[in-house]
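Understanding the architecture of this molecule
Chain by chain, the residues:
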Amino acid sequence: MNVARWLPRIAAIRPDAPALAEGEAVRLDYAGFAARVRRVAGRLRAAHGLQPDQRLALFADNHVDHLIAMQAAWHAGAVVVPINAKLHGAEAAWILDACGATCCLVDAAHAAALADHDLPGCALVDLHALCVEGPGEDLAEPLPRAADDVAWLFYTSGTTGRPKGVMITHRNLEQMTLAFLAEVVALRPGDAMLHPAPLSHGSGLYHLPCLMRGGVNVVPASGGFDATELFGLIARWPHACFFAAPTMVRRFVDAAAAACPDLAGLEAIVYGGGPMYVADLERAVDVLGPRLAQIYGQGESPMTITVLHREVIAQRAHPRWRERIASVGVAQPVVEVSVRDDEGRALPAGVVGEVCVRGDVVMRGYWHDPAATARALRDGWLRTGDLGRFDDDGFLTLKDRSKDLVISGGANIYPREVEEALLTHPAVAQVAVVGVPDPEWGESLMA
């Protein structure tokens, strides 16, 4: 069940096809990618003692070597621990200690960030030196893994305290990958997945559908998001798609509206990770055409709860178009999604409750945190902490995070609804609505 099996499979089918690119230049074809992964996996075992189930962390800026290292870790049966490259050294050191990482792959900047921190039992290893072509003994075959073995240990942002380590298994990644290809973008051999978003988050996971179909994973030369650079990559790599947060989509749309680039090679932008306001999405459709799809998921059910299909976003003539594009779409076929009350009872369409999900894509639990696991996984359902409601056609509209709900005078107010209304005013470019204490009403709103 090891997801590392996919690479040698596609390398046998498409050995000469581009697999990894830095900007406009091919770094490795599939035969070379598979060979490099075998060599790096061998180095990790021989030089650093990496064993199955041990944690290998990645703390570095976006680079093609990220993807080589991920595949090599899985090839060796290890668990990948991606660390947000923007974290402070102290935050990264806490994660390394919490997960008991055997080694942490770093670039020069992130090695410096960790230099003053005590990391018992964790070796810092130069990511780029590890991944270069050179001598060593290959690890010939991916080591066997069970479906429920952990593959990806993702630490949450920690908005409610210390980050929690989300245990994502090989089965979870398999289900996420198949769902993406079936419901979000039906990638074909040779298609390109661009990675302007952090590889430590959703974009890193989305290299898997591209690999499974024999496409080329492209990391921008800058390592990050630059709209002008993306225009060039879209011209270089036909049938390109990329994952982006809503802020990135807005910036891309603004740049495209100003520059009018040739976007014939752009297949799709998959957005998620935060709310996309209706006004922003309407403008994006005006500028880019029918190229946008939305996914709703979270670290605990990676990228795979609902999908708002491109064809739905493109159906401007539909009488409920604006209502639908304000939603996060319909349940993906690999999961069940339900809106439930505090006692776990299913609620009918039109009634707001907590969004709950179950299926083979849902996490195994939180790393060494049975209490948090028990709170999140109840009666077989993952309690997402998001509030939402279904309409009669099965479209899910999120109202807010449960902790963001404002109760004023006994009435439930969802800040996002107020934000959507304020954004319709031509003088409002951006807005955030929060609750503030009120002696009469308990809480009132501040925009």
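Note that this is a predicted model, so its numbers are computed, not measured.

With that settled, consider the overall build of the protein chain. Along the backbone of the protein chain there are 16 helices and 25 strands. In terms of overall dimensions, the protein chain is globule-like: its C-alpha atoms have a radius of gyration of 22 Å, near the 22 Å expected for 447 residues. Its C-alpha atoms put the protein chain at 70 × 50 × 40 Å along the principal axes. In the protein chain, which comprises 447 residues, the share counted as buried stands at 54%. At a minimum sequence separation of 6, the contacts of the protein chain that also span at least 24 residues come to 67%. For the protein chain, the exposed area adds up to about 18300 Å²; of that, 52% sits on carbon and sulfur atoms.

Now for the packing of helix α10 (residues 227-236) against helix α11 (residues 246-259). Two quantities define a packed helix pair, namely the angle between the helix axes and the distance between the axes. Following both chains from N to C, one finds α10 and α11 inclined at 70°, their axes separated by 9 Å at the closest point. Taken together, the axes of α10 and α11 are roughly perpendicular relative to one another. Packed against α10, whose contacting residues are A227, L230, F231 and I234, the element α11 presents F252, A255, A256 and A259 at the interface. Grouping the constituent residues of the contact of α10 with α11 by class yields eight nonpolar, no polar and no charged.

With that out of the way, let us pick up the sheet that holds strand β1 (residues 18-22). With respect to topology, nine strands assemble into an open sheet ordered β2-β1-β10-β9-β11-β12-β13-β14-β15, the strand pairing being mixed. The outermost strands of the open sheet, each flanked by one partner alone, are β2 (25-29) and β15 (330-331). Across two bridges, the pairing between strand β14 (residues 301-308) and β15 is antiparallel. Bridge pairing in β15 places V307 opposite V330. Contacts from helix α7 (residues 170-184) reach β9 (192-194), β12 (266-271), β13 (292-298) and β14 within the one sheet, and its direction differs from that of β14 by about 15°. Across the face of the sheet, α10 comes into contact with β2, β9, β10 (216-219), β11 (240-244) and β12 while running at roughly 170° to β9.

Turning our attention to the nonpolar core. F33, W74, F252 and L292 are the most contacted members of the largest nonpolar core, which has 124 residues in total. Here the element with the most residues in this core is helix α3 (residues 64-75); it accounts for eight residues. Not counting residues up to four positions away in its chain, the partners in contact with F252 are F225, A227, L230, F231, I234, F242, L263, L266, I269 and L288. Within the second largest apolar cluster, 21 residues are counted, among which are F59, C99, V106 and V150.

Moving on, we come to the environment of G134. Looking at the element boundaries, G134 is found in the loop between α6 (127-131) and β7 (150-155). Through-space distance from the C-alpha of G134 to that of S301 is 38 Å; in sequence the pair is 167 residues apart. Contacts of G134, omitting those with residues within four sequence positions, involve R39 and R43.

Here the focus is helix α2 (residues 30-48). Taking 1.5 Å per residue, 19 residues should reach 27 Å; α2 reaches 26 Å between its end C-alpha atoms and fits that length. Along α2, the residues that are buried comprise Y30, G32, F33, A34, R36, V37, V40, A41, G42, R43 and L44. You can read the cap of α2 off the contacts: a side-chain oxygen lies 3.3 Å from the backbone nitrogen of A31, and it is on D29. The positive-phi residue at the C-terminal boundary of α2 is G49, with phi of around 65°.

Attention now goes to the side chain of E354. Topologically, E354 is positioned in strand β17 (residues 353-359). Within the structure, E354 has its side chain in polar contact with the side chain of R383 (distance 3.1 Å).

Basis of the calculations
- One numbering rule holds for all chains: residues counted from 1, following each sequence as written.
- In keeping with the model being predicted, local features are shown solely for residues with a pLDDT of at least 70 and side-chain atom pairs are shown and tallied solely at 80 or more, while totals for entire chains, interfaces and linings include all residues.
- With hydrogens and water set aside, each side-chain value is computed from the structure's full complement of heavy atoms.
- Every helix listed is a DSSP run of H or I at least four residues long, and every strand listed is a run of E at least two residues long, numbered separately from the N terminus.
- Only the C-alpha atoms count toward the radius of gyration. The rule for a globule is 2.2 Å times the residue count to the power 0.38.
- Here's how the labels work: a residue is buried when its accessible area is under 20% of the maximum for its type, exposed when over 50%, partly exposed in between, all with a 1.4 Å probe on protein chains only.
- Residues count as neighbours in contact if any of their non-hydrogen atoms are within 4.5 Å of one another.
- Only the protein chains shown count as cover for residues, and all accessible areas are computed by the Shrake-Rupley method using a 1.4 Å probe.
- Axis lines are fitted to C-alpha atoms, over the contacting stretch for helices. Their N-to-C directions set the angle, which ranges from 0 to 180 degrees.
- Roughly parallel here means an angle under 35 degrees, roughly antiparallel means over 145, roughly perpendicular means 65 to 115, and every remaining angle is called oblique.
- Residues are grouped as follows: nonpolar covers Ala, Val, Leu, Ile, Met, Phe, Trp, Tyr, Cys and Pro; charged covers Asp, Glu, Lys and Arg; every other residue, Gly included, is treated as polar.
- When DSSP locates at least two bridges between a pair of strands, those strands are taken to pair.
- Only buried Ala, Val, Leu, Ile, Met, Phe, Trp, Tyr and Cys residues count toward a nonpolar core, and they belong to the same one when joined by side-chain atoms within 4.5 Å.
- Expected span of a helix: the number of residues minus one, times 1.5 Å.
- Under this definition, polar contacts are N or O atom pairs within 3.5 Å; protein pairs additionally need one hydrogen-donor-capable and one acceptor-capable atom, and for neighbouring residues in sequence, both atoms have to be side-chain atoms.

Interpretation note: all reported values are geometric properties and have no functional meaning in isolation.
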